[in-house]
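Remarks on the overall topology
Here is how the chains run, residue by residue.
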Amino acid sequence: MAQRLEPLYPAKSNYTNRELAKVLLALNSEPAIKKTLELLATAKDDTIQTTYMSSSDMILRNPQYGLDIADMLANIPPAQQIFYATALSNTSSGWTPENT
């Protein structure tokens, strides 16, 4: 199964990459580890995700907490990178000295 999926990874969409990463890393695919490390370094969140998280409507709902929410949203870590790091942390085999 890994041999059939590896040529598809990475894909153009973040969603597809997340699904392929889950499957390939569960199958201990060495090429997937290298590709996921590369994606981890360059991953960008989807625009919909970013737009939703920086919505001024949510901040303006409660002026008392608005500044705290704005500060939290300004410093939120990239979701894609968190996903890849978590997926890699659950992979125990398939690592090579070059990947560590």
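Keep in mind the model is a prediction, meaning the values are calculated, not measured. (Residues numbered from 1 in each chain as written. Predicted model: local features only at pLDDT ≥ 70, side-chain atom pairs only at ≥ 80, totals over all residues. Heavy atoms only, no water.)

1. Structural notes on the side chain of T91
- Following the sequence through the fold, T91 ends up in the segment after α7 (79-89).
- Given a relative accessible area of 7%, T91 falls into the buried group.
- If we ignore the near neighbours within four places in the chain, the residues touching T91 are L25, N28 and I33. (Helix = DSSP H or I, 4+ residues; strand = E, 2+ residues; numbered from the N terminus. Buried < 20%, exposed > 50% of the residue type's maximum accessible area, 1.4 Å probe, protein only. Contact = heavy atoms within 4.5 Å.)

2. Thoughts on helix α3 (residues 30-42)
- Compared with the 18 Å implied by 1.5 Å per residue over 13 residues, the 19 Å span of α3 between its first and last C-alpha is a close match.
- Of all the residues in α3, the buried ones are A32, I33, T36 and L39. Mapping the buried residues of α3 onto a view down its axis gives an arc of 125°, with all of them on the same face. Within α3, the exposed residues directed more than 90 degrees away from the buried face are A41 and T42. (Expected span 1.5 Å × (residues − 1). Arc of directions from axis to C-beta.)

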